[in-house]
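# Architecture and fold: a report
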Amino acid sequence: MASSSGTSSGSTLLQNSGSEEDLQALMDQRKRKRMISNRESARRSRMRKQKHLDDLMAQAAQLRKENSQIITSMNVTTQHYFNIEAENSVLRAQFSELSNRLQYLVEIISFLNTSNGGFESGEPWTLPEPTTPDSLMNPLSLLYLSQPIMASDIFQY
């Protein structure tokens, strides 16, 4: 009996060790599959990351290009604005000067009309029509035509 129990425990040992070896081989195979799967997953992840980085780099380049175009357009518009503003300033100064001249001429005409200006006709004085060539022969119109327009007084709004 002792030998039969020894034999049965020996065959169990052989079965157990075969089972353990099979189990170990199966675990090693699963471990290899998992390792291969993980490597493939990491490779795909690196590829996705690289594609995302490439897309971001292309988007950044496109945005830099658009930004450069916007800055150029803004500089052109700003320069145009400054040119218009300078022209507007000159026109305001000219308007102010011409308004002052007109006021002085109105005062002169008013004075000439009230005092009859020493003329015998007795007709009231009026400003000559600026579109007629005869108005250039009027001495009063020649006074304001010979004076330069100065931009010293800027008309304030």
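Read on for a plain summary of the structure. Remember, predicted model here, so these are calculated numbers, not experimental data.

Turning to the pattern of salt bridges, a few remarks are in order. Counted according to the given criterion, the structure contains 4 salt bridges. Across the pair E40 and R43 runs a salt bridge whose closest N-O atoms are separated by 2.3 Å. Of the two residues, E40 and R43 are both situated in helix 1 (residues 2-115); the distance of 3 residues between them amounts to about one turn of the helix. A relative accessible area of 31% means that E40 is categorised as partly exposed. Between R101 and E97 there is a salt bridge, with its nearest N and O atoms 3.7 Å apart. Within this pair, R101 and its partner E97 are both found in helix 1, separated by 4 residues, close to a single helical turn. Assigned by exposure class, R101 and E97 land together as buried. What you see here is one network of salt bridges that share partners, running through E40, R43 and R44.

Conventions used here
Residues numbered from 1 in each chain as written. Predicted model: local features only at pLDDT ≥ 70, side-chain atom pairs only at ≥ 80, totals over all residues. Heavy atoms only, no water. Salt bridge = Lys/Arg side-chain N within 4 Å of Asp/Glu carboxyl O. Helix = DSSP H or I, 4+ residues; strand = E, 2+ residues; numbered from the N terminus. Buried < 20%, exposed > 50% of the residue type's maximum accessible area, 1.4 Å probe, protein only.

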